Structures are given as structure tokens and as C-alpha cells.
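The lines below spell out each chain.
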Amino acid sequence: MGFDFDGCIREVPGISVDCFTKHKFDECSTFFLSHCHSDHMTGLFDGFLSNFQSNKKLKLFCTVESEIILRNMASIDGIDATAALNRTVTKMVFDREYDLDIDGLPVTATAIRAKHCAGSCMFLFKTEYSNVLYTGDFRYYPKQLRHISALRDFHIYKIPLDTIYLDTTFLLGRLQSYPTKKRAFRFIKKEIRQFRQKNPNGIVHIKRPANLGSELMIRVLARVFKTKIHVEDKLCELYKDIDYVRPFLTNDPSETFIHLLPMVCVSILMVVRYSFLLDLTS
Ligand SMILES: [Zn+2]
Ligand SMILES: [Zn+2]
């Protein structure tokens, strides 16, 4: 952890990635959002709403799912962002190249799946001078890297990367050793099974470290324990139209024994609370 990334990609002047502070809107018209966690979207709604009328060139690139989540977030917060999002957002499909002209510089931008939370992506920017990867938060293991098609050329050779912007929340000394999701899920399932064997009517509360990011765990637990997962109304709303998550959720606490809530909501019977679960967001 060394510095606060300020959204600048030196090789592509005129764009801002995951940074929407006020002065950025004086410098740039083209913005990129890697995912909808608050530390990557500071000022986004304010910036787009206040510059929407005056800057007709304003653009926001994000993935299809992130666009849905942005709309849901705006609606939850009572922000009228529909017109601004309708006009400014380009919904990126993973691994497809988008040709852009940034102040006269031809740039190809590609959203690469980041495996962090719903809609999350890394961005690959290619110009005639350099190839740049901006990571945002991501969850890849070395073995998986070879499957990132956007980082390979037509002949399946790795494309050279001139610069990597490693803007990840998880670059922490204490997180040097990271369990795989598989290992984390195995552990959670085992804990819940053991608890339920001893307490057949026991209720399980799982600490949710962030609103967005537990999608895979929701699906895994719902399938394994054949039950929906209880979350608050707000989270049901956040996942509206995210078809691979919403059907597994309920806002009715009586419908299930698994509750995935922020800690403040929890009256504890059993809490799965282990440090490595912190990364259920990714
Ligand atoms: Zn994140
Ligand atoms: Zn982050």
C-alpha cells in the first residue's frame, strides 16, 4: 500500500479510472468504472449529475452488470440519475475491444473479468505506443491467468504489458497468503453443517463485509443447504435484475436459517467469523 491512485493513466491522458472527484471533470470527459464498491466510485453520481448538462461529451464505461447495479444504487439512494446514465454509459461486454478516440489518440479499451464482485472488471488499454492494464480489485490465481483471452494475441501469445496499474484494496501485508474461494467455501460449509448437526434449528448469521461481492457464496450456500439466503430489502434491491443472484435471496427472515447481514443487524446464535472470510467480497 503506497499511494492513493488518482484515476490518471499516464499513457492515456484524458481519461479517469475509478476516480470521479470534482477536478477530474475539468480535465476529462471519459471515465471508466471497474466495479461498484464505494472506494472505487467516490463522487461518481455527483460528478455525472452536475456535469451532465454542460458537458455533452461526458462518457462512462463500465460493464453491463455494473450499469444495472449503478441504477439500483441510485434508486436505493433516491438519486434521479436515469437521464445521466442513459446518455453517458457505454455498457461493456467482457473481452470485447472498444475503439475510442481520446482527444485525438486512438485507444482500444477492453473490460476483462476481475472475479471480484458482480460486474467487476479490469481494463486493458491499447494505444499505438503501449499496452496498459488497470486491475482494480481482482481475484486471480496464477493458474488462471492463462485463461484471460484479452491478454493473448491472435496466435495465443501473451501480449506485452508496458504498465500495470495495480489498484487493489487487498495489497496488504497481512493478506499475503490468501485462501482460494474453494477452500473458503469448503470451510464455511463444514462449519455450518457441524453447527446444524448439534443445533438442528440453529440460525446461522454470516458477517457481510460489503454489500456487493458475496454473490458466489450466496449461490453456493443456497444450493448446498437448499434454502434462500436472507438479506435486507436494500440488498434485494441492489441485486434486482442480476439474474444469477436475486433468485437465491429473500428479504423474509422466516424463510431460511441462513442470514447474510452486516454485523450491526446480528443477534448472534452462530456467526461464521474467521479472518479469511473477509475476502468473501472477492
Ligand atoms: Zn472492491
Ligand atoms: Zn477496492
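For every chain, the first residue of the written sequence is number 1, and numbering continues from 1 onward in sequence order. Chain labels run from A onward and ligand labels from 1 onward, assigned in the order the entries are written. Selection of residues for local features in this predicted model requires a pLDDT of at least 70, selection of side-chain atom pairs for listing and counting requires 80 or more, and totals for whole chains, interfaces and linings are taken over all residues. Hydrogens are left out, water is left out, and the side-chain values use all remaining heavy atoms of the structure.

A. Main features of the environment of Ile258. A helix here means a DSSP run of H or I that spans at least four residues, while a strand means a run of E at least two residues long, and both kinds are numbered starting from the N terminus. Here Ile258 lies in strand 13 (residues 258–261). Residues Ile258 and Thr42, 216 residues apart in the sequence, show an inter-C-alpha distance of 32 Å. Contacts: residue pairs with any heavy atoms within 4.5 Å of one another. Non-local contacts of Ile258, meaning those with residues more than four positions away in its chain, are made with Val204, Ile206, Leu221, Phe225, Thr227, Lys228, Ile229 and His230.

B. Region of the structure containing a nonpolar patch on the surface. The grouping of Leu161, Ile164, Leu166 and Leu171 at the surface amounts to a nonpolar patch, some 340 Å² of accessible area in total. Considering the arrangement of structural elements, one finds Ile164 in strand 9 (residues 163–165). Patch building starts from residues that exceed 30% relative accessible area and form no salt bridge, then joins like charges within 9 Å and nonpolar side chains (Val, Leu, Ile, Met, Phe, Trp, Tyr) within 5 Å. Note on areas: Shrake-Rupley with a 1.4 Å probe; residue coverage comes only from the protein chains shown. One side-chain nitrogen of Lys or Arg within 4 Å of one carboxyl oxygen of Asp or Glu is enough to make a salt bridge.

C. Main features of the coordination of the zinc ion (ligand 1). Distances from the zinc ion (ligand 1) to its protein donors, His35 (NE2), His37 (ND1), His116 (NE2) and Asp137 (OD), fall within 2.2 to 2.3 Å. Only nitrogen, oxygen and sulfur atoms qualify as donors, and only when within 2.8 Å of the metal (3.2 Å in the case of Na, K and Ca); with water excluded, sites may look incomplete. Each donor residue of the zinc ion (ligand 1) lies on the same chain, and together they follow the pattern H-x1-H-x78-H-x20-D. Its relative accessible area of 10% is what places His37 among the buried residues. Three labels apply to residues, based on accessible area from a 1.4 Å probe with only protein chains included: buried if under 20% of the type maximum, exposed if over 50%, partly exposed otherwise in between.

D. How the structure looks around the sheet that holds strand 2 (residues 30–32). The four strands are arranged 1-2-3-4 in an open sheet whose pairing can be described as parallel. In this open sheet, the two edge strands, each paired with only one partner strand, are strand 1 (15–17) and strand 4 (89–92). On average, each strand axis in the sheet is inclined to that of its neighbour by 20°, with strand direction left out of account. At least two bridges found by DSSP between two strands is the condition for calling them paired. Strand direction decides the pairing type here: strand 1 and strand 2, joined by three bridges, are parallel. Looking at strand 2, one finds that Ser16 is bridged to Phe31. Here, axes are lines fitted to C-alpha atoms. For helices the fit covers the stretch in contact, and angles between N-to-C directions go from 0 to 180 degrees.

E. Highlighting the packing of helix 5 (residues 181–198) against helix 6 (residues 215–224). The contact between helix 5 and helix 6 brings their axes to 11 Å, and the two run at 40°. On the basis of their axis angle, the class for helix 5 and helix 6 is oblique. In this structure, helix 5 meets helix 6 at a crossing whose hand is right-handed. Of helix 6, the residues touching helix 5 (which contributes Lys181, Phe185, Ile188, Lys189, Ile192 and Arg193) are Leu216, Met217, Val220, Leu221 and Val224. Between 65 and 115 degrees an angle is taken as roughly perpendicular, under 35 as roughly parallel, over 145 as roughly antiparallel, and anywhere else as oblique. Crossing handedness is defined as follows: a turn of the near helix away from the far one that is anticlockwise and smaller than a right angle gives a left-handed crossing, while the clockwise case is right-handed.

F. Up close: a positive patch on the surface. Together, Lys143, Arg146, Lys182, Arg183 and Arg186 give the surface a local cluster of positive charge. Along the chain, the position of Arg146 falls in the loop between strand 8 (131–134) and strand 9. A relative accessible area of 54% places Arg146 in the exposed class. Under the counting rule used here, the positive set is Lys and Arg, the negative set is Asp and Glu, and His together with the chain ends is not counted. Every charge is mapped to an atom, namely NZ of Lys, CZ of Arg, CG of Asp or CD of Glu.

G. Layout of the confidence of the model for the protein. Model confidence for the protein is summarised by a mean pLDDT of 89, while 92% of its residues fall at 70 or above. Confidence scores per residue from the predictor, reported as pLDDT, run from 0 to 100. Counting interchain partners and residues more than four positions distant, the pLDDT-below-50 stretch residues 266–282 has 56 contacts.

H. How the structure looks around the nonpolar core. Throughout, nonpolar core names a set of buried Ala, Val, Leu, Ile, Met, Phe, Trp, Tyr and Cys residues whose side chains join them through atoms within 4.5 Å. Formed by 49 residues in total, the largest nonpolar core has its most connected members in Phe20, Leu33, Met41, Leu44, Leu60, Leu70 and Leu221. If we ignore the near neighbours within four places in the chain, the residues touching Phe20 are Phe25, Phe31, Phe32, Leu33, His40, Met41, Thr42, Gly43, Leu44, Phe48 and Leu60. Judged by nonpolar contacts, the second largest core, of 21 residues, contains Ile15, Val107, Cys121 and Phe125.

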